[in-house]
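What follows is the residue order along each chain.
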Amino acid sequence: MARSWGIARLAASVSLALAALTALPAAAHAALQGYERTSTMQVTIRAPGDGPVSESLSLPLGQAAVIHLPVDAADVMVANPEVGDAIVRTPRRALLLGQGVGRTNVFFFDADGALILDLNVRVERDMAGLSDALSRFVPGGRISAESMNSHIVLSGTVPSASAADTALQVARRWADDPDNVISFLAVEGRDQVMLRVKIVEMQRTMVRQLGINLSGDYTAGQLRTNNSFGIAGAALGGLNASVIGRNILGGGSTLTANLNALERVGLVRTLAEPNLTAISGESAQFLAGGEFPVPVGRDRDGNITIEYKPFGVGLGFTPVVLSEGRISLRISTEVSELSQRGAVSSGGSPVLDENGNVIGTAEGFSIPSLTVNRAESTVELPSGGSLVIAGLIKEETRQAMDAVPGVERLPVLGTLFRSRDFANNETELVIMVTPYLVDPANPHDLTGPGEGLAPANPAHATFLGRINRVYAAPGASVDERGWSGPVGFALE
C-alpha cells in the first residue's frame, strides 16, 4: 500500500515537470507576440506649426506680448531662450518677452501633457521708428526698411545720390553694426555727367645775349678773352661781327674783337578742349599727348627694361551727383612737355666679348625731363555752371655775366671784357570747367566731322588749289565765298 502511494507521487511529479516544460515555449511565444505588437505601434512627430493649435507672432525687439490660454497650463518650454522668454503669471496667462533678434518656438502643455499651443515667434527690430526718421530726413524718397535677422535692408527710390547716402547713414545709426545695413535704393535722377573742359596754357620766353671777345697778337705776347654765356652755354645766333685792327701798337700787332648779340622772343600756346562723360561716382580720364620710354632696370638676361611715361594735356575727374542742382567734382588737370633741362644722359659703354676683351662701344642714351603744370581741386557746381581755375602764373628770370676780373668794371673799356646772358620765361595756365547732366542721345541726331568729306575734282584742285570739296552738315547752307552754318573738318 505504501509502495503504491510512492509510485503515484513520482508519477505526479513527472507529470508536473512535463507540463512545465510544455508551458515554456508557450510563454516565450506570448512574450514575443507582445514585443511585436509593441514594435508596430505608431510614433507621432509634430513639426513646428503642425500642432492642433499653432500660431505665429512677430514681436519687436525689447517689447512683450500677453498670451491668454483656454485651459490651465502646467508646463512651458522655450526653444531658444536668448531670443524670447516666457513668464507665466497665472495658469492661463503668460508674458512673452523679445530679448534678441531671431526666431524661436514656445510650447504650452496641460497637466496631462497634451499640447495646448504651438507658438512660432519671430523677434525683429522695430522699423517704425526708422521709417519715421527716414521720412523726416529724406522727404522726397520712397524708402522701405525691413529687418532680416540682424541686418537692415533698405529698398525703394530716392531723388538723388545724396539722399541715398543720407538714408544709409541714418540706417547705420539704427543698427548695432554699421556693416549690417544693406541698401538697394535706386536713384531716380540723372546720374551721368558730361564735363566740358577748356585748358589754355601760354608760354612767353625772352632771351638776350651780348658778349665781346678779344684776340690780339703783340710783340710782347698774346691776348685772349673767352667770355661764354653762362645760361645758354654758347651763342644762340643773332649778330656776329668781327673788327680787326692792325699795327695798333706797331710792329705788326693785331687786335680782333668778336661781337655776339641776340634777342629772341618766343610764344607757345597750348589749347585742349576735352569733353568727357562719366556716371556718378566713377572716374574718367583724358590724355592728349604721348608717352616716352624710360629705362627702369635690367632683366635676368641683362636686357634693359623700358617703362613708358605719359606727357601732354591730361584730365581726370570724378563726379558725384548730389541732386539735380548740385554736382560735386574732383578735378585733376595737367599740362606737361618734354624738356632737356634736367635731362639724364649716359655715355657709351664698352661691349665685351666672352673673354672680356673690348670689341666695341654701345651707344649712350638721353632721358628727357618733364616740365609740368598741374592743378587738382574738389568743387561743387550746378549743371551748366562754370568754374575757372586761373592765376597759375609762373615767371622765371635768369641772368649770368662772364667777365675778366678787374677790368670789367672800367667805365667804358669794361664792356669789352664781359658777356651778359639774360633769359625770362613766363607761363600762365587757365582751366575752365563746365559740368552738365546728360541723357543718351539718338545716334541719328549725331554727326561727325568726316561726314560728307570728298576729294576735290581735278579742276578745283588745279585752278583753285583745293584738296577737298566744300561740304556742310545736312540742312546747312553753303556759300562758295565762305562758310556758313555748322560745318565739319576743313582743310585750307
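All values derive from a computational prediction rather than experimental measurement. (Residues numbered from 1 in each chain as written. Predicted model: local features only at pLDDT ≥ 70, side-chain atom pairs only at ≥ 80, totals over all residues. Heavy atoms only, no water.)

A.B. asks: I would appreciate a short explanation of the nonpolar core in the present structure.
C.D. replies: Across soluble globular proteins, you tend to see nonpolar side chains buried next to one another. Val-197, Ile-199, Phe-317, Leu-329, Ile-431 and Val-433 are the most contacted members of the largest nonpolar core, which totals 24 residues. When neighbours within four sequence positions are excluded, Ile-431 is seen to be in contact with Val-197, Lys-198, Ile-199, Thr-333, Ala-375, Leu-387, Val-388 and Ile-389. Formed by 18 residues, the second largest nonpolar core is a distinct cluster that contains Val-138, Ile-152, Val-158 and Ala-175. (Core = buried A, V, L, I, M, F, W, Y, C linked by side-chain atoms within 4.5 Å. Buried < 20%, exposed > 50% of the residue type's maximum accessible area, 1.4 Å probe, protein only. Contact = heavy atoms within 4.5 Å.)

A.B. asks: What's the story with the pattern of salt bridges in this structure? I'm lost.
C.D. replies: Oppositely charged side chains are able to pair whenever their charged atoms sit close together. On inspection of all chains with the given rule, the structure shows eight salt bridges. Linking Arg-122 and Glu-124 is a salt bridge whose minimum nitrogen-to-oxygen distance equals 3.4 Å. We note a salt bridge from Glu-376 to Arg-330, for which the minimum N-O separation is 3.5 Å. Placement of Glu-376 in strand β21 (residues 365-381) and of Arg-330 in strand β18 (residues 326-346) is noted, with a sequence separation of 46 residues between them. Among the residues examined, Glu-376 registers a relative accessible area of 54% and is labelled exposed. (Salt bridge = Lys/Arg side-chain N within 4 Å of Asp/Glu carboxyl O. Helix = DSSP H or I, 4+ residues; strand = E, 2+ residues; numbered from the N terminus.)

A.B. asks: How should the side chain of Thr-434 be read in this particular structure?
C.D. replies: Among the secondary structure elements, Thr-434 is positioned in strand β23 (residues 418-437). In this structure the side chain of Thr-434 is engaged in a polar contact, spanning 2.6 Å, whose partner is the side chain of Ser-386. Not counting residues within four places of it along the chain, the set of residues in contact with Thr-434 comprises Met-194, Leu-195, Arg-196, Gly-384, Gly-385 and Ser-386. (Polar contact = N/O pair within 3.5 Å; in protein donor to acceptor, adjacent residues only side chain to side chain.)

A.B. asks: What is the right way to read the environment of Val-265 from this model?
C.D. replies: Looking at the element boundaries, Val-265 is found in strand β14 (residues 254-272). For the pair Val-265 and Asn-424, spaced 159 residues apart in the sequence, the C-alpha separation amounts to 9.4 Å. Excluding residues within four positions of it along the chain, Val-265 makes contact with Arg-204, Thr-205 and Met-206.

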